[in-house]
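So you can see what is in the structure, the chains are spelled out below.
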Amino acid sequence: MGVFDRLPPMDHLRSEKMCFVQLIIPAESARVAVTYLGELGLLQFKDLNEDKSPFQRIFVNQVKRCAEMSRKLRFFSDHINKAGVRSSVRPALEPDIDLEELEARLGEHEHELLEMNTNSDKLQQTYNELLEFKLVLTKAGGILASSHNHAASAERELDENIYDREVDEGNANLLEQGVHQGSSGNSGVRFVSGIILKSKALAFERMLFRATRGNMLFNQAPAGEPVTDPISGEEVEKTVFVIFFSGEQAKTKILKICDSFGASCYPVPEEMIKQRQIFNEVSARLSDLEVTLDAGIQHRNKALESVGSQLWRWTIMVKKEKAVYDTLNMLNFDVTKKCLVGEGWCPIFAKSQIKDCLQRATLHSNSQVGIIFHEMDTTESPPTYFRTDKFTNAFQEIVDAYGVARYQEANPAVYSVVTFPFLFAVMFGDWGHGICLLLGALVLILREKKLSSQKLGSFMEMAFGGRYVILLMAIFSIYCGLIYNEFFSVPFHIFGKSAYECREKSCSDAHTAGLIKVRDPYPFGVDPSWYGSRSELPFLNSLKMKMSILMGVAQMNLGIMLSYFDARFHGNALDIRYQFIPQMIFLNSLFGYLALLILIKWCTGSQADLYHVMIYMFLDPAGDLGENQLFWGQKELQILLLLLALVAVPWMLFPKPFILKKLHKERFQGHTYRFLGTSEMDPDSEPDSARARHDDFNFSEVFVHQMIHSIEFVLGAVSNTASYLRLWALSLAHSELSTVFYEKLLLLAFGYNSVILKAAGLIVFAFATAFILLMMESLSAFLHALRLHWVEFMNKFYHGDGYKFKPFSFALLADDED
């Protein structure tokens, strides 16, 4: 294995080497130092005050001040959005200000805006009340005029009636009596006019009827236009009402009911002349208020525009300042109370940059004492940090969605850059669909600067984040589509003529008359003559199924090989001897042998039944193979491989737990006392070995864990290999669905002479291709490729129980919410 030691290192295969550091910062330099570290963004601070509440920390007052300024900035932002004011796009010309000046300025702006809002609300409420009064005057005046006309006609009817007025005076109608008495100047029927929500009008009328026992007359008319409610400030539909009643007690009841229903009552005089006079006065006041309100709105919008031009800069400044003090709250004072002590993780390559930052902080804060920065030993597991760019970030996110790698664990994202889009393409292979995906990916990539600054929807944001994944998936889909020879399910003679021709020169239908091979095989991919023939499905099924098994065995072997490199990197000889070797033997004795048989059958053109070979390898290992024999010595090889597979199971299960138990006993019986106090050798370097504390080792737990791991691998070798058959199944489903759309939509429509039917068929085919094949099928293939990597590939070597390196960085504040 010495050849592996001479290979160049892979930067992305292992996470960055980390070190645990301590900072001793003088109090006068603390804020500047943390600010510079936030700009660098390569140090993750450890919270040394976990046992303290936020109100018990050192810089709680500064955090409160920043939170209050953030509240004021959100207040300004809400009002700017509500008013629809657009801030100027020109860069801010104002000089930089400190936090105290910003706090004072924000307070002044807030006080000014609150005062303008208060005055505007009062004016708006007055305007709304006057508008309601104007509507009541208009509608109630009409109601009162109609009631007077009704009273006059009723009086004429009573004069002409044959009954005696004095006899029937007690039985006369209340309204007729009140109007008659009111018109003669005596006290009688009174009325209350006002306006109420249209939705409450019916319930309002019923309540009035019950409260007055029917001794009232309710007249109503729609207001005619939406009215801004003085209380809620929303535009609502309202109804103007006039209530006729008699008596002071009824008036008291009606006014209380109006108040409880939120109805606004306005005085309307009976005389038409007074109504017109008041109407003119109200209209004049409304005109004056409109001018005043417009001037107030313009003044407020100018104030908001001036704030909006600086809002983004102020928001970032406050966010940074709050983040600095939140980080300072994670530090502790030393014994002298003159220095702050902080601890955290940083990559080893960043130590020189951090030291430069701390030196600049000391210089700029005019401190007489420098900042001490040194490494410390710790038993904690370091965080995991991979340096990614815009191309590799999406693949790393796919892996991290399963679990963050352990510190210095092999990173599956390195291999997923190729294997993930390739397995997707095996299921999605069609170079016509691949070109469509490629065009979509290129649009996202070419417009990435513009799209990165815009706020996208959830689906578009996901597509934009994985634009390079889509690009590789499209390229591999084109490649696999050329191998399958499918362009929207249609084969083409791209790489030359077919190897097959009609059996007879006079034949017209090659699918029924049969084909014969007349030249060399088709140079690249599937021969187009297979499509449409009677042997198409058996041939393609056999090809894709065997190809899926080959890919699955290859990827699983890659996963087991990575477990070897992991164990070798961490110096874990037990895992190499008692996990890697038996796993390789077991997997390749069974499924590696199946892959070998597939290759031999393809190369020799044998008609052997591989199902029969694999089944009877277990049922009758010594039996005669007959016509299923592919090579000399096959039976003896099968018996040997079967014995190796049987030996590999106890090899995985028993040795490792007992060796760990022996090492643990030796360690605590003085056999390894010479290691105490030395730094050259770590007796606990093996991740699965016994730890230094005696109570940590439990033989039964270790044995059960090893047994579960062994059983899982043995059963998983079968199920995982079968799981790769989804490559064949989804590829077949995609091809057949594409064929159905092509033949039953496009060809069927173009078989008619009608232009309308042809256009309709083309449109339906385009929509079916876009939404079903390009969206749903691609999402299905993506999820299946994801499962193959998470379960079948990564479980062979990947633990995924680490935690991410989250440095204190100002660059990450834009995505954080307060």
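In this convention, every chain numbers its residues from 1, walking through the sequence in written order. pLDDT decides what is reported in this predicted model: residues at 70 or higher carry local features, side-chain atom pairs at 80 or more are listed and counted, and totals for whole chains, interfaces and linings draw on all residues regardless. To obtain the side-chain values, all non-hydrogen atoms of the structure were used and water was disregarded.

Per an unreviewed UniProt entry, the recorded name for the chain is V-type proton ATPase subunit a, and the organism is Urochloa decumbens. UniProt positions are given in the numbering used here, feature names are shortened, and annotations may be inferred rather than shown by experiment. The annotation that UniProt attaches to the chain under Subcellular location (unreviewed entry) is "Membrane".

Caption draft 1: Looking closely at the overall build of the chain. When you go through the chain residue by residue, the secondary structure sums to 24 helices and 13 strands. Relative to its full complement of 818 residues, the chain shows a buried share of 42%. Note on contacts: a residue pair qualifies if any of its non-hydrogen atoms lie within 4.5 Å across the two residues. Long-range pairs, those at least 24 residues apart, make up 79% of the contacts in the chain between residues at least 6 apart in sequence. Summed over all atoms, the accessible surface of the chain reaches about 45800 Å², with 58% contributed by carbon and sulfur. Think of it this way: any DSSP run of H or I at least four residues long counts as a helix, any run of E at least two long counts as a strand, and we number them from the N terminus. Buried means the residue's accessible area, taken with a 1.4 Å probe over protein chains only, is under 20% of the maximum for its type, while exposed means over 50%, and partly exposed covers the values in between. The Shrake-Rupley method, run with a 1.4 Å probe, gives the accessible areas here. Residue values count only the displayed protein chains as cover.

Caption draft 2: Inspection of the nonpolar core at higher detail. Buried Ala, Val, Leu, Ile, Met, Phe, Trp, Tyr and Cys residues form a nonpolar core when they are joined through side-chain atoms within 4.5 Å. Phe586 and Leu727 are the most contacted members of the largest nonpolar core, which has 85 residues in total. Ranked by residue count, the leading element in this core is helix H18 (residues 573-604), at 13 residues. Setting aside its immediate chain neighbours within four residues, Leu727 contacts Leu423, Val426, Met427, Ser548, Met551 and Leu788.

Caption draft 3: Representation of the environment of Gly370 within the structure. The residue Gly370 is located in the loop between helix H9 (351-364) and strand E11 (372-376) in this model. The exposure class assigned to Gly370 is partly exposed, which follows from its relative accessible area of 40%. Taking C-alpha positions, Gly370 is 7.6 Å from Ile25, a pair spaced 345 residues apart along the chain. Once you skip the residues sitting within four places of it in the chain, Gly370 turns out to touch Ile24, Pro26 and Thr362.

Caption draft 4: A look at the pairing of strand E7 (residues 238-246). Across the nine residues of E7, eight count as buried, placing the element largely inside the fold. Being paired, for any two strands, means DSSP has found at least two bridges between them. The pairing of strand E3 (residues 189-197) with E7 spans nine bridges and is antiparallel. Opposite Ile196, over in E7, you have Thr239 as the bridge partner. Where strand E4 (residues 216-222) lies against E7, seven bridges are found, and the strand directions are antiparallel. Within E7, the position partnered with Gln220 by the bridge is Phe241.

Caption draft 5: Expanded view of the UniProt feature "transmembrane region" (unreviewed entry) in the chain. Mapped onto this numbering, the UniProt entry gives "transmembrane region" (unreviewed entry) at residues 422-446, 467-484, 547-565, 585-602, 637-654 and 755-776. Helix makes up 94% of residues 637-654 and strand makes up 0%, while its end C-alpha atoms are separated by 26 Å. Helix makes up 100% of residues 755-776 and strand makes up 0%, while its end C-alpha atoms are separated by 30 Å.

Caption draft 6: Molecular detail of helix H10 (residues 393-402). Within the sequence span of H10, burial applies to Ala394, Phe395, Gln396, Ile398, Val399 and Asp400. Where H10 is buried, its residues touch helix H11 (413-427), helix H14 (458-465), helix H15 (467-484) and helix H24 (755-793).

Caption draft 7: Focus on unusual backbone geometry. Phi angles above zero are rare outside glycine, and Arg213 is one such case at about 55°. Mapped onto the elements of the fold, Arg213 is located in the loop between helix H6 (201-211) and E4. Classification of Arg213 by relative accessible area gives exposed; the value is 76%. In the Ramachandran plot, Phe488 falls in the positive-phi region, its phi being about 55° despite a non-glycine side chain. With respect to the helices, strands and loops of the structure, Phe488 is situated in the loop between H15 and strand E12 (500-502).

Caption draft 8: Geometry of the packing of H11 against H15. Fitted lines through C-alpha atoms give the axes, limited to the stretch in contact for helices. The angle between two N-to-C directions lies from 0 to 180 degrees. At a minimum axis distance of 8 Å, the contact between H11 and H15 shows a crossing angle of 50°. Relative to H15, the element H11 lies oblique. For the pair H11 and H15, the sense of crossing is right-handed. Residue-level contacts link Val417, Val418, Phe420, Pro421, Phe422, Phe424, Ala425 and Val426 of H11 to Val469, Leu472, Met473, Phe476, Ser477, Tyr479, Cys480 and Tyr484 of H15. Convention used here: angles under 35 degrees read as roughly parallel, angles over 145 as roughly antiparallel, angles from 65 to 115 as roughly perpendicular, and any remaining angle as oblique. Note on convention: near helix rotated counterclockwise from far helix by under a right angle means a left-handed crossing. Clockwise means right-handed.

Caption draft 9: Up close: the pairing of strand E1 (residues 18-26). Of all nine residues in E1, eight are buried, a share of seventy percent or more. Bridge analysis of E1 against strand E10 (residues 339-347) gives nine bridges, and the strand direction is antiparallel. Considered in E10, the bridge of Met18 is made with Pro347. In the sheet, E1 pairs with E11 via five bridges, with the strands oriented antiparallel. Its bridge partner being in E11, Gln22 is matched across the sheet by His374.

Caption draft 10: Examining the environment of Glu225 more closely. Residue position: Glu225 is located in the loop between E4 and strand E5 (227-228). Taking C-alpha positions, Glu225 is 8.8 Å from Val236, a pair spaced eleven residues apart along the chain.

Caption draft 11: Main features of the sheet that holds E7. Ordered by their spatial adjacency, four strands build an open sheet running E4-E7-E3-E8, and the pairing between neighbours is antiparallel. Here the strands that pair on one side only, and so sit at the sheet edges, are E4 and strand E8 (264-265). Helix-sheet contacts for H6 involve E3, E4 and E7, and the interaxial angle to E4 is about 170°. Its contacts with the sheet put helix H7 (residues 248-260) on E3, E7 and E8, and the angle it makes with E7 is roughly 160°.

Caption draft 12: Just the confidence of the model for the chain, in detail. pLDDT is defined as a per-residue confidence score from the predictor, taking values between 0 and 100. In this model, the chain carries an average pLDDT of 84, and 86% of its residues clear a pLDDT of 70 or more. Across residues 672-695, confidence stays below pLDDT 50; counting only partners more than four residues off in sequence or on other chains, it has 34 contacts.

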